[in-house]
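Residue-level structure breakdown
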Amino acid sequence: MNPSNYKFFLIVLAILFFLTSCNNSKKNSVNKQVVPVVNKLIGDKLLDTIQKQTINYFWEGAEPNSGLARERIHMDNNYPSSPENTVTIGGSGFGLMAILVGIERGFIPKQEALDRYIKIVNFLEKADRFHGAWPHWINGETGKMYPFTKKDNGGDLVETAFLIQGLLTVSEYFDSDDNKEQHLRSKIDKLWKEVEWDWYTKNNEDVLYWHWSPEYNWEMNFPVGGYNECLIMYVLAASSPTHPINKSVYDKGWARNGNIVSKDSMYNLPLVLDYFEHNDAAVGPLFWSHYSYLGLNPNGLTDQYADYWKLTQNHAKIHYEYAIDNPKHFKGYGDSLWGLTSSYSIKGYAGHRPGADLGVISPTAALSSFPYTPKESMNVLVNIYKNHDSLVGKYGPYDAFSFENNWSTPRYLAIDQGPIPVMIENYRTGLFWKLFMKNEDVKRGLDKLGFKYKKVD
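Residues numbered from 1 in each chain as written. Predicted model: local features only at pLDDT ≥ 70, side-chain atom pairs only at ≥ 80, totals over all residues. Heavy atoms only, no water.

1. Here's the deal with the overall build of the chain
Put simply, the rule reads: Starting at the N terminus, helices and strands are each numbered in turn, a helix being any DSSP run of H or I of at least four residues and a strand any DSSP run of E of at least two. In this setup the radius of gyration rests on C-alpha atoms only. A globule is expected at 2.2 Å times the number of residues raised to 0.38. A 1.4 Å probe rolled over the protein chains alone gives each residue an accessible area, and that area as a share of the maximum for its type sets the label: buried under 20%, exposed over 50%, partly exposed in between. Whether two residues touch is decided by their heavy atoms; if any such pair falls within 4.5 Å, the residues are in contact. Method for areas: the Shrake-Rupley scheme with a 1.4 Å probe, in which residue coverage is limited to the protein chains shown. Counting rule for charge: Lys and Arg are taken as positive, Asp and Glu as negative, and neither His nor the chain ends is counted. Charged groups are reduced to one reference atom each: NZ for lysine, CZ for arginine, CG for aspartic acid, CD for glutamic acid.
Scanning the chain for helices and strands turns up 15 helices and 15 strands. Relative to its length of 457 residues, the chain is compact, with a C-alpha radius of gyration of 21 Å against a globular reference of 23 Å. Expressed as lengths along the three principal axes of its C-alpha atoms, the size of the chain is roughly 65 × 50 × 45 Å. Burial status across the chain gives 61% buried among its 457 residues. For the chain, the share of sequence-separated contacts (at least 6 apart) that also reach a separation of at least 24 residues comes to 68%. For the chain, the computed accessible surface area is about 17,800 Å², with 49% contributed by carbon and sulfur atoms. Between the mean site of the 47 positive side-chain charges and the mean site of the 51 negative ones, the chain shows a separation of 4 Å.

2. Let's talk about the packing of aromatic side chains
We count it as follows: Aromatic contacts are taken between Phe, Tyr and Trp rings whose centres are within 6.5 Å, Trp giving its six-membered ring; a plane angle under 30 degrees counts as stacked, one over 60 as edge-to-face, and the others as tilted. Only when the NZ of Lys or the CZ of Arg is both within 6 Å of the ring centre and within 35 degrees of the ring normal is a charge said to sit over the ring.
Throughout the structure, instances matching the rule amount to 36 aromatic pairs. With a centroid separation of 5.8 Å and an interplanar angle of 75°, the aromatic rings of tyrosine 57 and tyrosine 395 are classed as edge-to-face. Residue tyrosine 57 is located in helix H2 (residues 40–59), and its partner tyrosine 395 is located in the loop between strand E11 (392–393) and strand E12 (396–397); the two are separated by 338 residues in the primary sequence. What makes tyrosine 57 buried here is its relative accessible area of 0%. A relative accessible area of 5% places tyrosine 395 in the buried class. Ring geometry for phenylalanine 287 and tryptophan 288: centres 6.3 Å apart, planes at 85°, overall edge-to-face. Accessibility expressed as a relative area gives 11% for phenylalanine 287, which makes it buried. Its guanidinium or amino end placed over the ring of tryptophan 59, arginine 116 lies 4.1 Å from that ring's centre, counting from NZ or CZ. Lysine 455 extends its terminal NZ or CZ atom over the ring of tyrosine 453, reaching a point 4.0 Å from the ring centre.

3. Observations concerning the pattern of salt bridges
Our working rule: Salt bridges are identified by distance alone: a Lys or Arg side-chain nitrogen within 4 Å of an Asp or Glu carboxyl oxygen.
Evaluated as defined, the whole model comprises 18 salt bridges. Lysine 187 serves as the salt-bridge partner of glutamate 125, at 3.0 Å between the closest nitrogen and oxygen. Pair noted here: glutamate 125 is in helix H4 (residues 110–126) and lysine 187 is in helix H6 (residues 179–193), with a separation of 62 residues, a long-range link. Overall, lysine 187 belongs to the buried group, its relative accessible area being 13%. Between lysine 190 and glutamate 194 there is a salt bridge, and its shortest N-O distance comes to 2.6 Å. Its relative accessible area of 26% is what places glutamate 194 among the partly exposed residues. Overlapping salt bridges bring together Lys40, Asp44, Asp48 and Arg428 as one network.

4. Quick look at helix H5 (residues 157–173)
The criterion, for reference: By this rule the span expected of a helix is its residue count minus one, scaled by 1.5 Å. Here a polar contact is recorded for every N or O atom pair within 3.5 Å, except that within protein the pair must consist of a potential hydrogen donor and a potential acceptor, and residues adjacent in sequence are included only if both atoms are side-chain atoms.
Along its 17 residues, H5 runs 24 Å from first to last C-alpha, staying within 8% of the 24 Å computed at 1.5 Å per residue. In terms of burial, H5 is a largely internal element, 17 of the 17 residues being buried. At the N-terminal boundary of H5, the capping side chain belongs to aspartate 156, with an oxygen 3.2 Å from the backbone nitrogen of valine 158.

5. Concerning the packing of H2 against helix H11 (residues 374–387)
The test is simple: Note on definitions: angles span 0 to 180 degrees between N-to-C directions of axes, and those axes are lines fitted to C-alpha atoms, for helices only across the stretch in contact. Roughly parallel refers to an angle under 35 degrees, roughly antiparallel to one over 145, roughly perpendicular to one between 65 and 115, and oblique to any angle outside these ranges.
At a closest axis distance of 11 Å, the pairing of H2 and H11 adopts a crossing angle of 75°. Judged on the interaxial angle alone, H11 and H2 are roughly perpendicular. Across from Gly43, Leu46, Leu47, Thr49, Ile50 and Gln53 in H2, the residues of H11 making contact are Met378, Leu381, Val382 and Tyr385.

6. Quick notes on the packing of helix H3 (residues 89–104) against H5
Where we set the bar: Crossing handedness is read from the near helix: turned anticlockwise from the far helix by less than a right angle, it gives a left-handed crossing, and turned clockwise, a right-handed one.
Contact geometry of H3 with H5 gives a least axis separation of 6 Å together with a crossing angle of 25°. Here H3 lies roughly parallel to H5, going by the angle between them. For the pair H3 and H5, the crossing hand works out as left-handed. The segment H3 lies against H5, with Ile89, Gly90, Gly91, Ser92, Gly93, Phe94, Leu96, Met97, Leu100, Ile103 and Glu104 engaging Glu159, Thr160, Phe162, Leu163, Gln165, Gly166, Leu167, Thr169, Val170 and Tyr173.

7. Observations concerning the sheet that holds strand E3 (residues 137–139)
Going by this rule: Strand pairing is defined by DSSP finding a minimum of two bridges between the two strands.
Taking strand neighbours across the sheet as the criterion, the three strands line up as E2-E3-E4 in an open arrangement whose pairing is antiparallel. Unpaired on one side and paired on the other, strand E2 (86–88) and strand E4 (145–146) mark the two borders of the sheet. In terms of strand pairing, E3 meets E4 through two bridges, oriented antiparallel. Paired with tryptophan 137 across the strands is tyrosine 146, a residue of E4. Along the sheet, H3 contacts E2 and E3; its crossing angle with E2, the most-contacted strand, is approximately 65°.

8. Thoughts on the side chain of arginine 116
Looking at where arginine 116 falls in the secondary structure, it is placed in helix H4. Despite its burial, arginine 116 pairs with no opposite charge, the nearest such side chain being glutamate 112 at 7.3 Å. Once you skip the residues sitting within four places of it in the chain, arginine 116 turns out to touch Phe58, Trp59, Ala62, Gly67 and Ile99.

9. A look at helix H7 (residues 231–239)
With nine of nine residues buried, H7 lies mostly within the body of the structure. Taken together, the buried positions of H7 are Leu231, Ile232, Met233, Tyr234, Val235, Leu236, Ala237, Ala238 and Ser239. Of the surrounding secondary structure, the elements contacted by the buried residues of H7 are H5, H6, helix H8 (247–254), helix H9 (308–325), helix H14 (431–437) and helix H15 (440–449).

10. Some words on unusual backbone geometry
That bond from glycine 226 to tyrosine 227 is cis: its omega, 15°, falls within 30 degrees of zero. In this fold, tyrosine 227 is placed in the loop between strand E6 (211–212) and H7. Here the phi dihedral of asparagine 221 falls at roughly 50°; this positive angle occurs in a residue that is not glycine. Tracing the sequence through the fold places asparagine 221 in the loop between E6 and H7. Although it is not a glycine, arginine 256 sits at a positive phi angle of roughly 55°.

11. Quick look at the confidence of the model for the chain
This is how it is decided: pLDDT runs from 0 to 100 and stands for how confident the predictor is about each residue.
Here the chain averages 92 in pLDDT, while 91% of its residues score no lower than 70. Every residue in residues 13–32 is under pLDDT 50, and counting partners more than four places away or in other chains gives 26 contacts.

Right, here's the structure in full:
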């Protein structure tokens, strides 16, 4: 655990020990690890602590030349999959937003953050782009594309959407007449307008394609139909003031002519939308309810296909109920240890979810669900920091672990750490939902697609 927080945790643990002393007989139960209600002072301090730790992944742990987020940080200094200086475009978008939490919470001086943002946009201007879209990975020292897979060596529109979500939020935050802030906004506006969203409809098809490569063209062949993590891509594509898509691309491509709607349920909770276009799995990994909604406020968001608050909240509740049900009888699962998502796994990387459960818990799943399941998510936060602090390191909880398999890894991924401080802040203050949803381009895009949403002045 971060030594700077050690004294605080001694106090917290002492209080929690007192609170739980009468429940010791239940403490080791596999399916009923009941954590008592945590008083607001302790809860707020825990939230402050995990926000500060996870923000530091993107502040202190950033790739030094670009200022962007490293794809991964391994505390064991072993990087078998990609070089240590590999920058993630989507994870960097999350990191841009995480740094804003640092400003708001007093962890990072505003002027230092402003300088970092200018450094970042200067790098992004010169980095490789493909019809305005950045690749999935970039070499942080050179700005050159680093292939994610052999044929994934060009533009990645989904990762670009996550980055743009962060950039637009930053632009809304730095809204003064200060010359430096105006300079930052101007640069972000230019990058935003240069993304050719309409190019990624291939040959004017009514669907957005995930990838394009100057070497392999459209050979990745991934038309993006919903429902998954990509709603923000369609919203931004419709919102673009320079390269917008038509509404038919959303209706026919994303919503699949209405086939995106689901009438199924799990644990008596409606799924609302069909999570899997190409197979028969019922529900997706939890990051699908995080990535698009870091800025896009699902609370009050509806269109002809869904109530997005019911969709996202039910998604988190289904994962919670699944852990309590624990159909595979995995060790540790219960009301204080739940949440499956794509993360590191016992062997490599895996997309964990009900129906594809390997006994691996990824802390980001429950912790990034705070807006949807505040009590249930707090149970997990308290349980990890009180009972399993060996699973917490410099940048917060490590990426994944399995009590069933006696496995953990001292490694982090940007795409998992980034949503934690951002979604916790949305739970605490709604900061990012207020910032992103007041962007005029975004509002026009939502209107164009037929969404109803909470108005922000």
